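Okay, here's what each chain looks like letter by letter:
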Amino acid sequence: PDLPLRRPAPAGATGKGLAPGFDGGYRTGMTWYTAPTLSGSRIMLRELVPGDAPALAAAVDRPEAFRWTTVPGDVAAAERYIQTALDTPDRVAFAVVEQDSGRVVGSTSYYDITPDYRALAIGHTWYSAAVHGTAVNPEAKLLLLRRAFEDLSRSRLQSLIRDGNVLCDGAVVRDPSRKITAVRE
C-alpha cells in the first residue's frame, strides 16, 4: 500500500529539520531529533551529553578491539566523539546506561534521519566488552525500534554493519535480521 510521506503537524508543532507541515512524532509530541530517555528492564538510553566523556572513555575496557574505529579510547577522544555526534545534523546519539549500576556501557544512535521518507538508521553502536553477549544490545535495539515504529510512526529503518566488523558479525549470527532493512506497512 502507498504510505503517506507527510502527516499534518499539530498546531504549534516545531522541530529541528522537520519537513514543512510534518511532525515525525505527531501522536506523542516527540520529534525526529530528540533523544528522550528510553527505559528497559536492564538498561536505559538517554541523550549523550558532553559530561559523559569520562564515563564513555571508561567503558572502552578493551581498546585493542576498537583501534581502527572512532570509538574513543581516552577522555579527549570521547569529548571529540560526543561533539561530532552532537554536531551531525541527522544524528541523535544516546548513552547506553545499566539500570542497576548507573554505569555508561556504550553508545548508539539514530542517523541518516530522513523525515520526508519517514526513514532512519540505527548505528554508531558500540559497547564495553563487559556487556558483549548479554541482553544489553538486544534491549537497546528493542527500545530504539519501539520508539521508531510506535512513537514516531516510522515506516523504514535500517541497521548497517560494515564488512569485517567481527564484533557485530557475532551478533548477526545470533540474529540474522540485523542486516535487513525493516519496513512497516
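Scoring rules and cut-offs
Residues numbered from 1 in each chain as written. Predicted model: local features only at pLDDT ≥ 70, side-chain atom pairs only at ≥ 80, totals over all residues. Heavy atoms only, no water. Core = buried A, V, L, I, M, F, W, Y, C linked by side-chain atoms within 4.5 Å. Buried < 20%, exposed > 50% of the residue type's maximum accessible area, 1.4 Å probe, protein only. Helix = DSSP H or I, 4+ residues; strand = E, 2+ residues; numbered from the N terminus. Expected span 1.5 Å × (residues − 1). Arc of directions from axis to C-beta.

Participant: So, the nonpolar core: which residues are in play, and what are the values?
Facilitator: Residues Leu45, Phe94 and Tyr110 are the most contacted members of the largest nonpolar core, which totals 21 residues. Breaking this core down by element, the ones donating at least two residues are β2 (43-47), β3 (92-98), β4 (104-114), β5 (119-127) and α3 (136-151). The element that contributes the greatest number of residues to this core is α3, accounting for five residues. Residues Leu48, Ala59, Val60 and Ala95 belong to the second largest nonpolar core, which totals 17 residues.

Participant: I'd like a description of the environment of Gly73, backed by residues and values.
Facilitator: Positionally, Gly73 belongs in the loop between α1 (53-59) and α2 (75-87). Gly73 sits in the exposed class, given a relative accessible area of 51%. Gly73 sits eleven residues away from Arg62 along the chain, and the two C-alpha atoms are 9.0 Å apart.

Participant: Before we move on, could you go through α2 and cite the residues and values that matter?
Facilitator: For α2, spanning 13 residues, the distance from its first C-alpha to its last is 18 Å, which sits close to the expected 18 Å at 1.5 Å a residue. Within α2, burial applies to Ala77, Ala78, Tyr81, Ile82 and Ala85. Along α2, the residues classed as buried sweep out an arc of 135° about the axis, all on the same side. Of the residues in α2, the exposed ones pointing more than 90 degrees away from the buried face are Arg80 and Asp87.

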